[in-house]
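# Tertiary structure, described
Next come the chains, spelled out residue by residue.
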Amino acid sequence: LPPDVISALSRLRDDVPQHSMAHNRAIFRSTFGLELEEVFEWFEVNPIASGTVAQVHRAALRPAFSHSAGEREVAVKVRHPDVVAETFVDIDLIFSFMNTLGEVAGHLTMPFKKEEFHSVLQRQIDFRWEAHNLARFADNFRRHRDTSAQFPAVMGEFYSSAVLVES
């Protein structure tokens, strides 16, 4: 494969570099108008996970922001900088490569349209969709109280396209 395609595909993994706490602070401040210290009693600097789209930190909400059930320990998912721009450049690159390869190899086609793939990726990098789906899961299982299935809950108003705070 050409080096630019290898580079694009290599970013689709779980062990991506971490972004800085300065980025976390800036995104949280610009999104919610609050400093991390105003919302959280503690916020672990080192993420517990870092994937292609975001990284996740453990934190504890201050009592004023705790969930109605009193939950205070949370996961804070913060989108990496430049993910949006890089994602859509990569789509163009991958589809261009596949079209070229299809012309050379003959019978190679993509199993989906570029617009459909674009839409799926948009939902993956916009955490409002994840918040919506978490609420739907909880609602769908609410009447099955005898089940041990539990789903993370979105913590109040703390979700946006780039940040998601969940139990």
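Residues numbered from 1 in each chain as written. Predicted model: local features only at pLDDT ≥ 70, side-chain atom pairs only at ≥ 80, totals over all residues. Heavy atoms only, no water.

### Notes on the overall build of the chain
Inclusion rule: Put simply, DSSP H or I for four residues or longer makes a helix, DSSP E for two residues or longer makes a strand, and each gets a number counted from the N terminus. The rule is simple: take the accessible area with a 1.4 Å probe, protein chains only, and divide by the maximum for that residue type; under 20% is buried, over 50% is exposed, in between is partly exposed. Residues are treated as being in contact if the distance between any of their heavy atoms lies within 4.5 Å. Where accessible areas are quoted, they stem from the Shrake-Rupley method and a 1.4 Å probe; at the residue level, only the protein chains shown are allowed to cover.
Along the backbone of the chain there are six helices and six strands. Mapped in sequence order, the helices and strands of the chain form the string α-α-α-β-β-β-β-α-α-α-β-β. Here the chain, with 167 residues, has 34% of them falling under the buried criterion. Across the chain, every contact between residues at least 6 apart in sequence was considered, and the portion connecting residues at least 24 apart equals 59%. Accessible area of the chain: about 10,300 Å², with a carbon and sulfur share of 54%.

### Topic: helix α6 (residues 127-141)
Heads up, the condition is: Take the number of residues in a helix, subtract one, and multiply by 1.5 Å to get its expected span. Of all possible arcs, the one meant is that of the directions from the helix axis to the C-beta atoms.
In a regular helix each residue adds 1.5 Å, so 15 residues correspond to 21 Å; α6 covers 21 Å between its end C-alpha atoms and thus fits that length. Of the positions making up α6, those classed as buried are F127, A131 and L134. When α6 is viewed along its axis, its buried side chains cluster within an angular range of 60° and face the same direction.

### Let's talk about the nonpolar core
Generally speaking, a soluble globular protein has its nonpolar side chains buried in company with each other. Stated formally: Within this scheme, the nonpolar core is defined by two criteria: the residues are buried Ala, Val, Leu, Ile, Met, Phe, Trp, Tyr or Cys, and they are joined through side-chain atoms within 4.5 Å.
Counting 18 residues, the largest nonpolar core has F28, F40, F43, V74, V76, V163 and V165 as the members making the most contacts within it. Breaking this core down by element, the ones donating at least two residues are α2 (21-32), α3 (36-39), β1 (40-43), β3 (54-61), β4 (73-79), β5 (154-159) and β6 (163-166). If one sorts the elements of this core by residue count, α2 sits on top with four residues. When near neighbours in sequence (up to four residues on either side) are disregarded, V165 contacts F28, F40, V74, A75, V76, A153, V154, M155 and F158. In this structure, A54, F127, A131 and L164 belong to the second largest nonpolar core, which totals six residues.

### What about the pattern of salt bridges?
Rules: Salt bridge, as used here, is a side-chain nitrogen of Lys or Arg placed within 4 Å of a carboxyl oxygen of Asp or Glu.
Across all of its chains, the model carries seven salt bridges by this definition. Notably, a salt bridge pairs E35 with R29, separated by 2.6 Å at the nearest N-O pair. Here E73 and R58 are joined by a salt bridge, their closest N and O atoms 2.9 Å apart. Residue E73 is found in strand β4, and its partner R58 is found in strand β3; the two are separated by 15 residues along the sequence. Exposure remark for R58: the relative accessible area of 32% places this residue in the partly exposed category. Several salt bridges share partner residues, and in doing so they unite E44, R58 and E73 into one network.

### Topic: the packing of aromatic side chains
What counts, and what does not: Ring geometry is summarised as follows: Phe, Tyr and Trp rings, the Trp one being its six-membered ring, pair when their centres sit within 6.5 Å, and such pairs are stacked at plane angles under 30 degrees, edge-to-face over 60 and tilted between the two.
Following the criterion strictly, the structure yields six aromatic pairs and no others. Judged by centre distance (5.9 Å) and plane angle (25°), the ring pair of F28 and F158 falls under stacked. Here F28 is found in helix α2, whereas its partner F158 is found in strand β5, with 130 residues between them in sequence. No difference in accessibility class separates F28 from F158, as the two residues are buried. Considering the side-chain rings of F65 and F158, the 5.4 Å spacing of their centres and the 70° angle between planes classify their relative orientation as edge-to-face. Linking F65 in the loop between β3 and β4 with F158 in strand β5, this pair joins segments that are 93 residues apart in sequence. With a relative accessible area of 25%, F65 lands in the partly exposed category. These aromatic residues form a ring-pair network of at least three members: F28, F32, F40, F43, F65 and F158.

So far we have only geometry, and geometry alone does not tell us how the molecule works.
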